[in-house]
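Coordinate inspection notes
These are the residues of each chain, in order.
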Amino acid sequence: MKSLSVKQFNQYIKTSFKLDPLFQSISIKGEIANYKISHNHIYFSLKEEDEIIDCVIYYYEDKDLGDYNNGDEVIVEGNLINNSFISKISISVNEIKSKGLSEDYLNFLRLKEDFYKRGYFDDENKKSIVAYPKNIGLITSDKSAAIVDFISVMNKEISDINIYLYPVKVQGQSAKNEIINAIEILDKKSLDAIVITRGGGSKEDLKVFNDKDIVEKIFSSKSPIISAIGHKIDLSLADLVSDLSLQTPTEAGTYLVRNYKKLRDDIDLLYINIKKTLDRNI
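Note that the coordinates shown come from a computational prediction; the quantities given were computed from them, not determined experimentally.

Conventions and cut-offs
- All residue numbers here refer to positions counted from 1 along the written sequence of the relevant chain.
- Whole-chain, interface and lining totals are the exception, using all residues; otherwise, since this is a predicted model, local features are given only for residues with pLDDT of at least 70 and side-chain atom pairs are given and counted only at 80 or more.
- Calculated side-chain values reflect all of the structure's heavy atoms, with hydrogen atoms and water omitted.
- Site definitions follow a grid-based scheme: protein atoms alone, a 1 Å grid, a 1.4 Å probe that fits but cannot get out for cavities, and for pockets an open set with protein on both sides within 12 Å along at least five of seven lines, plus lining residues having an atom within 4 Å of a point.
- Grid points are joined across faces, edges and corners, and a volume is the space filled by probe spheres set on the points.
- Residues are grouped as follows: Ala, Val, Leu, Ile, Met, Phe, Trp, Tyr, Cys and Pro are nonpolar; Asp, Glu, Lys and Arg are charged; all remaining types, including Gly, are polar.
- Strands here are runs of E lasting at least two residues and helices are runs of H or I lasting at least four, both read from the DSSP assignment and numbered beginning at the N terminus.
- Surface patches are defined over residues having more than 30% relative accessible area and no salt bridge, joining like charges when they lie within 9 Å and nonpolar side chains (Val, Leu, Ile, Met, Phe, Trp, Tyr) when within 5 Å.
- Calculation of accessible area relied on Shrake-Rupley with a 1.4 Å probe; when residues are assessed, cover is drawn exclusively from the protein chains displayed.
- The term salt bridge refers to a side-chain nitrogen of Lys or Arg lying within 4 Å of a carboxyl oxygen of Asp or Glu.
- Positive charges are assigned to Lys and Arg, negative charges to Asp and Glu, while His and the chain termini are left out of the count.
- In plain terms, the charge of a residue is placed at NZ if it is Lys, CZ if Arg, CG if Asp and CD if Glu.
- Under the scheme applied here, a residue whose accessible area is under 20% of the maximum for its type counts as buried, over 50% as exposed, and between as partly exposed, the area being computed with a 1.4 Å probe on protein chains only.
- Note that the arc is computed from the directions linking the helix axis to the C-beta atoms.
- The criterion used for residue contact is that any of the two residues' heavy atoms lie within 4.5 Å.
- Two strands pair if DSSP finds at least two bridges between them.
- Fitting a line to C-alpha atoms yields each axis, with helices limited to the stretch in contact; the angle taken between N-to-C directions then spans 0 to 180 degrees.

**A few points about empty space enclosed by the protein**
One pass over the full model with this rule turns up 2 cavities of 30 Å³ or more. Here the largest cavity defines a volume of roughly 40 Å³. Along the walls of the largest cavity sit Tyr 120, Asp 122, Asn 125, Lys 126, Lys 127, Ile 218, Phe 219, Val 241 and Asp 243, which together make up its complete lining. The class makeup of the residues in the lining of the largest cavity is 4 nonpolar, 1 polar and 4 charged. In this model, the second largest cavity occupies a volume close to 30 Å³.

**A look at the layout of surface pockets**
A water-sized probe, rolled over the atoms, reveals where empty space remains. Within this model, the second largest pocket holds a volume of roughly 410 Å³. Around the second largest pocket, the lining comprises 21 residues; the ones closest to its centre are Val 56, Tyr 58, Ile 81, Asn 83 and Ser 90. Of all elements in the fold, only helix H1 (6–19), strand E1 (26–38), strand E2 (41–48), strand E3 (51–57), strand E4 (72–83) and strand E5 (88–101) reach the threshold of two or more residues within the lining of the second largest pocket. It is E4 that contributes the most residues to the lining of the second largest pocket, 5 residues altogether. Grouping the amino acids of the lining of the second largest pocket by side-chain chemistry returns 9 nonpolar, 7 polar and 5 charged.

**Points about a negative patch on the surface**
Where like charges cluster on the molecular surface, the negative patch consists of Glu 48, Glu 49, Glu 51 and Asp 104. Looking at where Glu 51 falls in the secondary structure, it is placed in strand E3. In this structure Glu 51 comes out as exposed when scored by relative accessible area, which is 61%.

**Let's talk about helix H4 (residues 146–154)**
For H4, the full list of buried residues reads Ala 146, Ile 147, Phe 150, Val 153 and Met 154. Burial along H4 is one-sided: seen end-on, the buried residues are contained in an arc of 145°. Tucked inside the fold, the buried residues of H4 contact strand E6 (135–140), strand E7 (162–167), strand E8 (193–197) and helix H8 (249–256).

**So, the sheet that holds E6**
Taking strand neighbours across the sheet as the criterion, the 5 strands line up as E7-E6-E8-E9-E10 in an open arrangement whose pairing is parallel. Edge positions in the open sheet fall to E7 and strand E10 (244–246), since each of these has one partner strand only. Averaged over all adjacent pairs, the angle separating strand axes in this sheet is 20°, with direction ignored.

Okay, structure coming up:
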């Protein structure tokens, strides 16, 4: 069998999409996730349980499609396209119809309301973090940039902080049990704080941090827990239940050494004042 070049193969896929009537007129129902607007286009994923397909609405302002948000269940109609530059198959949406909020999103709202009523998010239930922490637990993927970001900030300041890394998967089917196990192991060490972090991701990538069992484990932990899951909007349930919620690994590291930095600045100022006094007397 003769090998095809990459360009030939991509052209074959595009031609197949154009000639197959199934791919040129499709109608699919699912839940909107990762919704964003960029350069006059709308990008989102259509999901069902753990399966997703990406969608795009080109020049949405020219179309009367209505307003939609993450969690909405919709029916999209359009045609399948292949972006050969990033090797990605998407649906180019021509029409979109709302079916209301999806059952998954309604379950999330019910779970959030239940935890709220039980006081899981109340400030009076938050554990305080010592001013000069000595022992910190770190839960994150050992293959992510989060470790580098976190430690590089910590190393900028002179401190006696020891970091206990427990590597886990931060998305996917096994992530939940690995994160729960990591909290259990590190919590037995009587640490000054445990940081759960990752380097950002789509709303779909972050859904493990809305898991009921993870929320329960964070709430029952004896050690203060800091969440730094790398997103700016749509706080997860893990963010809400944690004793402190920050956006990024860098912010978490900066927070933990903030008082060490202040101490160094105070010492530097004292040194300058002493030197001035000595110079003046001499």
